[in-house]
Amino acid sequence: MNWTSQDKVIVQGITEPQAAFYAQQMKAGSTDIVAGVSPGNGGTEVGDIPVFDLVEQVLTQVDKIDISLIFVDSYQVLDAAREAIAAGIRHIIIFTPEVPPLDTIEIIKYAKASDTLILGPGSHGIVIPQQVCLSKLQSQAYQSGTIGTITTSQYLSYEVATELNQADLGHSIVVSLGNDRIIGSNLPQWLEILDRDPDTKAIVSIGQRITETEEIVTYCQERDYDKPIIVYLAGLKVPQEQIFRDAQTIITNHLSASIPAVNRDRQTIDRLKKAGIKIAKKPSDIPRLIQKAWSK
Amino acid sequence: MELLEYQAKELFRMVGIPILPSQTIKDSRKIKELQIPYPVVLKSQVRSGGRGKAGGVRFVANTIDAIAAARTIFNLSILGEYPEVILAEAHYNTEREFFLAIVLDYNLQCPVLLGSAFGGMNVDSLLTNLQQVVVDEEFSLFYARRLAAHMGLSGKLICSVSEIIAKMYRLFRDKDLDLIEINPLGVNNKGELMALDGKITLNDDALARQPVLEALSFTKQQKQLNDRILTGKILERVRWRWLDWHSRAGKVAIICNSFDSALLTWDLFKQNRVTPAGAVLLETDFSEPDILESYRDNLLDVLTQLETVKGLKTILINVWDTQAIGREIVETVSSYCQQGTSSILASKEESVSTKVRANEPDLVNKQKSSDSTTIARPRFVLRLLADEHPEALPMSETIYLFDGLEAAVQKAIAIVKSN
């Protein structure tokens with residue numbers, strides 16, 4: 001994986017209160033934030049980070065920008081992401097949540113065309129313990145180790161980290177995908193990235209639901225790696241309203257509420273199990289499942 | 001947010017989708033001022049489907065019938081919902097009825113066109129004949145023609161129906177919709193098209209950038225919903241709300257500071273065959289230094305609410321937050337246990353307990369029963385992070401502290417099962 005503390009990082013929307021706060025937190029974690037971007041605030045400083053009106057103006061001061069962290073208002077995210085892509089930035093983390101889905105779809109199109117990796121919207125970023133902190137997460141919560149964690153929840157990743165720490169299993173990386181219904185890079189993509197990562201010996205996926213079941217099952221059947229994959233899903237016992245994702249189901253449910261909705265959670269879990277994925281019922285199951293898989 | 005039929009039709013009119021002459025009525029007496037010639041259809045404006053079968057749609061031939069029918073409709077609840085508005089519309093003779101819709105498909109990550117040559121109230125034949133076309137690139141009219149052809153249409157209808165789909169797509173794109181639907185699209189004996197009923201769902205995340213929607217004269221209910229969606233985006237420094245899951249027989253209440261922690265905590269109880277009474281979300285802003293006082297007020301507000309939940313034996317507070325918040329929780333809970341809310345709140349009487357809670361579950365009794373003081377107070381199980389435990393902890397019979405969540409849940413279960 002190519003995330004290092006030498007990466008040159010900019011923050012788009014640096015004047016947003018959250019951005020200013022977390023930029024300082026990340027700098028303290030030795031992230032090299034070279035500039036902030038905030039239209040209309042060029043020439044000022046936030047903390048000791050110089051602010052520019054445009055991303056391309058930053059490029060007059062530094063040779064290249066590796067990563068952009070986007071904190072702008074949700075309606076400006078599409079524009080900010082396009083600006084970053086146009087400036088040649090190929091790693092973008094969108095921290096802003098609740099971006100209108102038609103905008104996110106647009107961002108994904110531009111990202112595909114330019115081979116840009118997008119994390120988010122609504123991501124909490126990436127942490128490689130003691131090395132890289134591109135994140136709103138409290139990086140000190142994670143010990144260094146060999147477990148790669150992919151999460152859609154900040155809180156649940158802390159609970160899992162506590163269990164891993166207690167079992168002396170640290171993290172090779174923590175990746176927060178974001179909670180919006182449409183996101184840039186998804187779980188199957190990150191499974192593949194972490195499979196290729198030599199520092200990762202086991203993969204833990206944490207979240208509320210898996211939406212790319214078929215893709216993951218296909219991937220597991222074809223993969224050349226034997227790293228254990230553990231999935232932990234929270235809220236399976238909670239009487240929640242179902243969220244429908246595909247057009248036919250949305251319309252069917254909309255036309256006739258009397259057609260009973262099938263709860264697919266059970267089905268999803270069975271499919272994943274058959275594909276060789278271990279299912280944790282609660283965070284404390286995870287270290288045990290990893291060690292069991294390793295000892296085989 | 002879902003729009004009502006008359007609002008959807010207002011948007012249809014803006015892009016040139018044909019609709020019948022119509023008028024909205026908010027008071028059955030106003031029906032005398034109707035400008036549309038009889039016979040007229042009166043339609044209850046509610047969100048739920050199936051209003052036709054429920055009696056929410058009535059044909060009337062004159063003013064006297066109309067007044068009576070309007071009264072009936074205003075007093076008819078459809079799946080628990082009373083209309084604030086009735087739409088009076090001219091009558092249209094159809095030969096065929098189509099179904100058309102555009103929906104955002106989250107799996108495919110693009111809009112999908114849907115159509116059925118058998119529209120109307122018969123959902124079964126509608127769905128059996130449902131066709132779909134995925135709009136995976138920039139929209140162009142041929143996508144709509146493709147759908148019309150899949151639907152089995154021929155001749156001039158291919159062009160006229162796809163023109164309507166294109167107009168629907170324009171609304172979908174420009175107004176950030178999750179869903180737009182015409183059902184039925186009526187076809188008369190001359191082959192002319194008319195959108196007889198319609199539904200539109202706006203995307204909540206895009207509501208604030210669609211000011212044109214204010215021109216649609218929202219109902220009271222919609223205004224409340226709109227306000228809730230929009231203010232929900234502004235991060236208040238501290239706020240709390242009930243989550244939608246609850247059980248009347250539950251003996252433990254959960255207070256959490258994130259939705260995910262409520263999910264996990266609830267799961268842990270259910271895995272041990274205990275169903276909690278309910279869960280409260282108490283959230284803070286990320287980095288404010290001086291939120292403690294308002295945090296305390298909110299927590300006391302929650303505790304006051306929980307007093308009215310009958311049969312509660314224990315309250316589990318699972319909060320993963322800063323040291324200062326952890327300390328505030330311990331202090332607030334222990335002074336609450338010693339004195340109750342009344343004395344702590346005495347000076348803040350107005351600021352707290354008079355607030356109206358929008359999503360209060362029915363397990364909260366609106367009036368405190370007079371014997372509530374004699375009922376044993378629930379015991380508290382606090383799950384706070386290890387380094388947040390204050391030095392001089394006022395441990396007591398009523399408060400238990402844990403730093404592991406599973407241990408805390410086990411304690412709460414033991415309390416629930418004890419006598």
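Remember, predicted model here, so these are calculated numbers, not experimental data.

About the criteria used
- Residues numbered from 1 in each chain as written.
- Chains lettered and ligands numbered in written order.
- Predicted model: local features only at pLDDT ≥ 70, side-chain atom pairs only at ≥ 80, totals over all residues.
- Helix = DSSP H or I, 4+ residues; strand = E, 2+ residues; numbered from the N terminus.
- Rg over C-alpha atoms; globule rule 2.2 N^0.38 Å.
- Buried ≥ 20, exposed ≤ 12 C-beta atoms within 10 Å, placed from the backbone.
- Contact = placed C-beta atoms within 7 Å.
- Pairing = 2+ DSSP bridges.
- Axes fitted to C-alpha atoms, helices over the stretch in contact; angles between N-to-C directions.
- Nonpolar A, V, L, I, M, F, W, Y, C, P; charged D, E, K, R; others polar.
- pLDDT = per-residue confidence, 0-100.

Another aspect to go through is the overall build of chain A. When helices and strands are counted, chain A shows 10 helices and 14 strands. For 296 residues, the compact-globule formula gives about 19 Å, and the C-alpha radius of gyration of chain A, at 20 Å, lands near that figure. On the principal axes, the C-alpha backbone points of chain A span a range of 55 × 50 × 30 Å. Looking at chain A as a whole, 47% of its 296 residues are labelled buried. Taking the intrachain contacts of chain A between residues at least 6 apart in sequence as the baseline, contacts between residues at least 24 apart amount to 71%.

Right, let's talk about the sheet that holds strand 1 (residues 9-12) of chain A for a bit. Residues and elements named next belong to chain A. Judged by pairing direction, the sheet is mixed, and its 7 strands sit side by side in the order 3-4-2-1-5-6-7 without closing on themselves. The open sheet has two free edges, formed respectively by strand 3 (45-46) and strand 7 (117-119), since each of these has just one partner strand. Direction of pairing for strand 1 relative to strand 5 (residues 67-70): parallel, over a ladder of 4 bridges. Residue pairing in the sheet places V9 in a bridge with I67 of strand 5. Packed on one face of the sheet, helix 1 (residues 17-28) meets strand 1, strand 2 (33-37), strand 3 and strand 4 (49-52) and runs near 175° to strand 2.

Now for unusual backbone geometry. Among all residues save glycine, negative phi is the norm, and among peptide bonds the norm is trans. Cis geometry is adopted by the peptide bond preceding P39 of chain B, which originates at Y38 of chain B and carries an omega value of 0°. Within the secondary structure layout, P39 of chain B lies in the loop between strand 2 (22-25) and strand 3 (40-44). For the peptide bond that leads from N183 of chain B to P184 of chain B, omega is 0°, which places it in the cis range. Despite not being glycine, D115 of chain A shows a phi value in the positive range, around 55°. With respect to the secondary-structure elements, D115 of chain A resides in the loop between helix 4 (101-114) and strand 7. Its identity is not glycine, yet D176 of chain B carries a phi of approximately 55°, on the positive side. Looking at D176 of chain B, the number of C-beta atoms within 10 Å reads 21, which means it is buried.

The next point concerns the interface of chain A and chain B. You'll often see interface size given as the accessible area lost when the parts meet. Across the boundary between the two partners, chain A contributes 40 residues, which contact 38 residues of chain B. Looking at the side of chain A that touches chain B, the elements that each hand over two or more residues are helix 1, helix 4, helix 5 (154-166) and helix 8 (247-255) of chain A. For the side of chain A that touches chain B, the residue count by class is 21 nonpolar, 11 polar and 8 charged.

All names here are of chain B. Per-residue confidence for chain B gives a mean pLDDT of 85; residues scoring 70 or more make up 85%. Long-range and interchain partners of residues 346-359, a stretch whose pLDDT sits below 50, account for 13 contacts in this model, where long-range means more than four residues apart. The complex prediction reports pTM at 0.89, with the ipTM value standing at 0.93.

Attention shifts here to the environment of V252 of chain B. All names here are of chain B. Mapping V252 onto the fold places it in strand 13 (residues 252-256). The exposure class assigned to V252 is buried, which follows from the 25 C-beta atoms found within 10 Å. Residues V252 and M168, spaced 84 residues apart in sequence, show a C-alpha to C-alpha distance of 49 Å. Residues in contact with V252, not counting those within four places in the same chain, are F269, V274, P276, A277, K313, T314, L316, A412 and V416.

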